[in-house]
Amino acid sequence: EAEYFSYVNSEGVEIPGWFQPAEKGVKSPLVVYIHGGPHGPFNEYGFSPRYHILNQLGYSVYAPNFRGSGGFGLNFQEAGYKRWGTGMIDDMQQGAQALVDAGLVDDSQICAMGGSYGGYGTAQSLVRHADFYDCGIIIAGFFDIEALVNKTDVTDSYTGRQYMKAAAGGSPEELRNISPLRNLDKIKAPILLLHGKKDERTPFKGAQEMVSAMKKAGLDFEYKYYNKEGHGNRKMENRIDEWKRVAKFLERTRNSKLASRTTEGDNSSAE
């Protein structure tokens with residue numbers, strides 16, 4: 001069962017959210033689940049298949065309602081405008097740190113995960129807080145905000161264009177500074193990227209560009225493109241494949257992390 005968890009961020013704003021432990025009273029590694037939107041949607045209380053699958057894989061889940069989330073009033077929602085890659089990202093990380101400080105999670109592995117804006121938020125979290133996160137799972141994400149503003153189907157309408165200008169707008173330089181595609185040199189953690197080839201909300205071309213750039217940068221990553229899928233998988237066989245890949249990725253990065261800690265421990269002992 002999810003537990004209400006809130007904290008006060010570095011700017012004095014209370015950030016609500018949910019914490020669902022893998023096992024009550026046991027400190028487990030953590031997945032920070034970042035919702036999409038980002039403005040309007042929010043992580044709700046109730047049964048979430050995603051949280052339970054992650055629990056079964058041995059991970060506790062933190063689902064923050066960072067600034068910009070819906071459900072907490074217009075002021076809270078608009079507090080995230082033009083802070084997609086900065087203050088909102090910090091809200092997620094500071095909440096996870098608050099769980100660590102409270103002794104509720106095993107901080108030997110903390111991963112970010114999300115779809116759509118949550119996919120972007122995951123990638124940007126690995127850029128902005130490179131020494132905090134140990135891996136990232138990106139589903140139907142976007143990686144270049146400057147390109148997204150011009151290519152997403154949100155901007156097909158006048159209302160959509162005005163929304164994107166207000167919510168994500170900024171100078172070209174500001175948009176580049178918060179675009180993971182243009183800041184890959186800061187990423188240290190492994191990445192799993194999953195994307196549908198028919199996605200028009202966060203266009204498939206953006207995922208292709210990200211994969212190509214990660215190859216050139218020599219990052220540790222895995223990826224899978226899904227035929228005839230749009231903004232998130234709908235076909236059951238693809239949803240099953242997606243979760244199998246998530247499970248294997250988490251297991252691989254977990255084992256790698258534990259092996260690294262053991263090696264470091266052996267070295268310090270020998271010294």
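## Notes on the environment of D101
- Within the fold, D101 resides in helix α3 (residues 87-101).
- Residue D101 is classed as exposed on the basis of its relative accessible area of 59%.

## Focus on empty space enclosed by the protein
- A full pass over the atoms with the stated rule returns 2 cavities of 30 Å³ or more.
- Along the walls of the largest cavity sit 14 residues, with D144, A147, L148, P203 and G206 positioned nearest its centre.
- If you list the elements that add at least two residues to the lining of the largest cavity, you get α5 (145-151) and α8 (204-217).
- At 4 residues, the largest contribution of residues to the lining of the largest cavity is made by α8.
- Tallied by class, the residues present in the lining of the largest cavity amount to 7 nonpolar, 3 polar and 4 charged.

## Section: the state of the cysteines
- Summed over the entire model, instances satisfying the criterion amount to 1 disulfide.
- One disulfide bridge connects C111 with C135, the sulfur atoms lying 1.9 Å from each other. Given an S-S torsion of about 100 degrees, the disulfide between C111 and C135 has right-handed geometry. Linking C111 in strand β7 (residues 105-115) with C135 in strand β8 (residues 135-139), this pair joins segments that are 24 residues apart in sequence.

## Quick notes on unusual backbone geometry
- Cis geometry is adopted by the peptide bond preceding P38, which originates at G37 and carries an omega value of 0 degrees.
- Its place among the elements puts P38 in the loop between β5 (28-34) and α1 (49-56).
- One non-glycine residue, S116, lies in the positive phi region at around 65 degrees.
- Secondary-structure assignment places S116 in the loop between β7 and α4 (117-128).
- For K228, which is not glycine, the phi torsion reads 55 degrees and is therefore positive.
- By the secondary structure assignment, K228 is in the loop between β10 (221-226) and α9 (236-270).

## Section: the sheet that holds β5
- Spatially, the 8 strands line up as an open sheet ordered β1-β4-β6-β5-β7-β8-β9-β10, and their pairing is mixed. Since the sheet does not close on itself, it has two edges, and those belong to β1 (3-4) and β10, each with one partner.
- Across the sheet, α1 is in contact with β4 (17-20), β5, β6 (60-64) and β7; its angle to β6 comes to roughly 150 degrees.

## Structural notes on the packing of aromatic side chains
- Per the stated rule, a full pass over the model turns up 15 aromatic pairs.
- Taking the centre distance of 6.1 Å and the plane angle of 85 degrees together, the rings of F5 and Y62 count as edge-to-face. Placement of F5 in the loop between β1 and β2 (7-8) and of Y62 in strand β6 is noted, with a sequence separation of 57 residues between them.
- Classification of Y62 by relative accessible area gives buried; the value is 0%.
- When the centroid spacing of 4.7 Å and the interplanar angle of 90 degrees are considered together, the rings of F204 and Y225 count as edge-to-face. Note that F204 is positioned in helix α8 and Y225 in strand β10, a separation of 21 residues in sequence.
- On the basis of relative accessibility, which here comes to 14%, the residue F204 falls in the buried class.
- On the basis of relative accessible area, Y225 is assigned to the buried category, the value being 18%.

What counts as what
Residues numbered from 1 in each chain as written. Predicted model: local features only at pLDDT ≥ 70, side-chain atom pairs only at ≥ 80, totals over all residues. Heavy atoms only, no water. Helix = DSSP H or I, 4+ residues; strand = E, 2+ residues; numbered from the N terminus. Buried < 20%, exposed > 50% of the residue type's maximum accessible area, 1.4 Å probe, protein only. 1 Å grid on protein atoms, 1.4 Å probe; cavity = no way out; pocket = protein on both sides within 12 Å on 5 of 7 lines; lining within 4 Å. Points joined across faces, edges and corners; volume = space filled by probe spheres on them. Nonpolar A, V, L, I, M, F, W, Y, C, P; charged D, E, K, R; others polar. Disulfide = S-S within 2.5 Å. Pairing = 2+ DSSP bridges. Contact = heavy atoms within 4.5 Å. Axes fitted to C-alpha atoms, helices over the stretch in contact; angles between N-to-C directions. Phe/Tyr/Trp six-rings, centres within 6.5 Å; stacked < 30°, edge-to-face > 60°.

So yeah, pure geometry; function would need other evidence.
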